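Per-entry structural report
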Amino acid sequence: MIRISLRRRTLQCAALLACATLAVAAHAQPTGPIKVGLMLPTSGTFADLGKKVASGFKLYVTENGGKLAGRLVQYVELDDESDPSKANENANKLVKRDRVDVLIGTIHSGVAMTMARVARDTNTLMIVPNAGAAEITGSMCAPNVFRTSFSNWQPGYATGLLAARKHKTAVTISWKYAAGDESVRGFREGFEKGGGKVIKDLHLPFPNVEFQPLLTELATIKPEAAYVFVAGAGQVKFVKDYAAAGLKNSIPLYGAFITEGTLEAQGEAASGLQTALHYADGLKIPKNEAFITSYQKTYNAAPDVFAVQGYDAAQLFAAGLQAVKGDTRKKAEMIKAMEDAKLESPRGPLSFSKSRNPIQDMYARVATGNRNVMTDVIVKALADPSPDCKL
Amino acid sequence: MDLPLILIQALNAVQYGLLLFLVASGLTLIFGVMGVINLAHGSFYMMGAYLAFSLAPLTGNLLATIVVGLLLSVLIGALLEWALFAHLYRRNHLQQVLLTYGLILIFESLRSRFIGDDVHSVSVPAWLDFSIPLGDVMTYPAYRLFMSAVCLLVAAGLYLLIQRTRLGSQIRAGAANREMVQVLGINIDWVYRLVFALGVALAAFAGMINAPVTAVAPGMGMSMLIVSFVVVIVGGIGSVWGALVASQLIAFADTFGKVFVPDYAGMAIYIVMAIVLLWRPEGLFKS
């Protein structure tokens, strides 16, 4: 029998006790802060949209005292610069180095798709608060990747239904890229569902803004209506060029996002322009009115659809957290709760398809002064069929 | 595809081409006379547009905005030349590219910091805010016709300046042989400063008059820069006449590319550039 010294034995006991304590602690309920990874643009063309999404998200958390499901929320923020080439590195930074509990992002679809891939590969929960690319809840869908904004098809489809109310023929104009193609496809399906026919699809290379040749062509085709999908600075130029070419009154123009955030710059050229979207100014929903007041008070600025999308991302995450009482390790239950969530969004009732894309009401709006004022509901609970998603 | 339609598209092309000429002429002068590759040229175009946006509410009319804007642009151009570009003449092209690329980033940051990232608009002056009917559905904005006329005037003015004035001959001599011009007692530094300021003013002027028909937004300089470089290369570096011809060629390629081959329209201008370079590696015209 080897004699073990008393000192040694004391040390052994202490070590054993320490191990036991750690073991117990590791299995206890996590009570530390929840890490939310906000990967959004704070520079470049989409900086403003990124800011709105982030402020919408944070507003929900602030309204709940800075906590979700009883745990404090800690943000890890990263400027994704809307650069797809840096997306992989950035997303991995948040997931692996910062170990975020949820990845929130982003505006640009190219970046979002890479983020979704990283989220899928690392089984990290992800909520997309804007990017509308079909693949995110289509061919690349995953149980842990949700979206609280829209798929490019949805507003296009709703606008198609809207235009079909008064017109039988239409021509579409868009940039030739994924978002444009998806939006135009949505418009065509909605327009044909409403009894119309799309005569021709005109497109120009992204992000070219010399629209004159296409406007001239449009004028010669003489459809009853036109649908446009271009974004950013192109929106402003297009609407102004359209009016200057005398087409505003002869061929009514329809769009989805075409007047979002740019009405002041577009001025008189946009007045009376009809659009369809999942949000509008003047929505008489109590939750919306409360949201607008709260946002205005907190940030001294008016919210927009991007702020709503960010706010709902936080709501969705909270729904998942509440179901597991803040235990983020219970991923499967969180995801199930989020999948079944029925949220009261400022935009109206919000739930999710099997593909994790929003099911939401679409509103007809008309540009009046500097606001896109809602006229009526075009379609309730519109879901993107997401035929490529195998969930 | 009937004749009236082709004529209207040609009108679109001519108007676009004249705008391109305005920007490219400044670029080709700077490149041709001083041998400097100025990547920041698109930023000067953007600067002009933002000047128009900032000054319009202060002055209330287009003419005053342009005059003040041009004065400011000439000053800024001269200052930049004195501080930075004067040191580039003896350097190699890579260093010029690096410095002017750095300038692009600085300009974008300054713009973002002091004016913000929102998309803005400049209104067409009231006296030009009407349209001329073309056929029964379409009209052509009078402002675009005005722009084309102004661009033609500037082209004529440039021609007169370079070919018919003493300063013009100094510029041409300085482009051919800088040292010899200095030996002849002409202050070549001031000639260069003037040419640079002129180049900046041309780009800024293009930005100012184009502002009412485009969106004043972040990144607007980059797209203009790339097309201007194509025009300068196709036209021949240093040749203002080349810039005029090439800008029309490129504009027609872009316009009719969109009409006839929309799926390949993005490549149209580069295909034209490739063809021209295969045939004439130095561009269409000598400087």
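Residues numbered from 1 in each chain as written. Chains lettered and ligands numbered in written order. Predicted model: local features only at pLDDT ≥ 70, side-chain atom pairs only at ≥ 80, totals over all residues.

**With respect to the interface of chain A and chain B**
- With 32 residues of chain A at the contact, the number on the chain B side is 29 residues.
- Residue assignment for the side of chain A that touches chain B shows that the elements contributing at least two residues are helix 2 (47–63), strand 8 (197–204), helix 7 (212–221), helix 8 (233–244) and helix 9 (263–266) of chain A.
- Ranked by the residues each element gives to the side of chain A that touches chain B, the list is headed by helix 7 of chain A, at seven residues.
- Classifying every residue of the side of chain A that touches chain B by side-chain character gives 14 nonpolar, 11 polar and seven charged. (Contact = placed C-beta atoms within 7 Å. Helix = DSSP H or I, 4+ residues; strand = E, 2+ residues; numbered from the N terminus. Nonpolar A, V, L, I, M, F, W, Y, C, P; charged D, E, K, R; others polar.)

**Some remarks on the nonpolar core**
- Core analysis: the biggest nonpolar cluster contains 216 residues, and L103(A), M115(A), A226(A) and I250(B) have the highest contact counts within it.
- Among the elements that line this core, the one with the most residues is helix 8 (residues 188–210) of chain B, at 16 residues.
- Mapped onto the domain boundaries, this core takes at least three residues apiece from domain 1 (34–150 + 285–356) and domain 2 (153–277) of chain A.
- The residues contacting L103(A), other than those within four sequence positions of it, are G37(A), M39(A), A91(A), L94(A), V95(A), M115(A), A119(A), T124(A), L125(A) and M126(A). (Core = buried A, V, L, I, M, F, W, Y, C linked by C-beta atoms within 7 Å. Buried ≥ 20, exposed ≤ 12 C-beta atoms within 10 Å, placed from the backbone. Domains from an automatic or database assignment.)

**Observations regarding unusual backbone geometry**
Residue and element names in this part refer to chain A.
- Each neighbour pair has its own omega, and for G105 with T106 the value is -10°, a cis peptide bond.
- Within the fold, T106 resides in the loop between strand 4 (102–104) and helix 4 (109–122).
- With omega at -10°, the peptide bond leading from F206 into P207 counts as cis.
- Considering the arrangement of structural elements, one finds P207 in the loop between strand 8 and helix 7.
- In this structure, E81 takes a positive phi of about 55° despite not being glycine.

**Looking at the domain arrangement of chain A**
Residues and elements named next belong to chain A.
- As assigned here, chain A comprises domain 1 (34–150 + 285–356) and domain 2 (153–277).
- Each of domain 1 and domain 2 has a C-alpha centre, and these two points are 29 Å apart.
- Counting from both sides, the interface comprises eight residues of domain 1 and, opposite them, 10 residues of domain 2.

**Observations concerning the sheet that holds strand 1 (residues 34–40) of chain A**
Residue and element names in this part refer to chain A.
- Strand order across the open sheet formed by six strands is 2-3-1-4-5-6, with mixed pairing between neighbours. In this open sheet, the two edge strands, each paired with only one partner strand, are strand 2 (67–68) and strand 6 (145–147).
- Bridge count between strand 1 and strand 3 (residues 71–79): seven bridges; the pairing is parallel. In the strand pairing of strand 3, L40 is matched with D79. (Pairing = 2+ DSSP bridges.)

**Concerning helix 5 (residues 142–164) of chain B**
Residue and element names in this part refer to chain B.
- With 23 residues, helix 5 should cover 33 Å at 1.5 Å per step; its first-to-last C-alpha distance of 32 Å lies within 8% of that length.
- Inspection of helix 5 places Y143, R144, M147, C151, L158 and I162 among the buried residues, and these make up the whole buried set.
- The elements touched by buried residues of helix 5 are helix 1 (3–34), strand 2 (138–141), helix 6 (166–176), helix 8 and helix 10 (240–260). (Expected span 1.5 Å × (residues − 1).)

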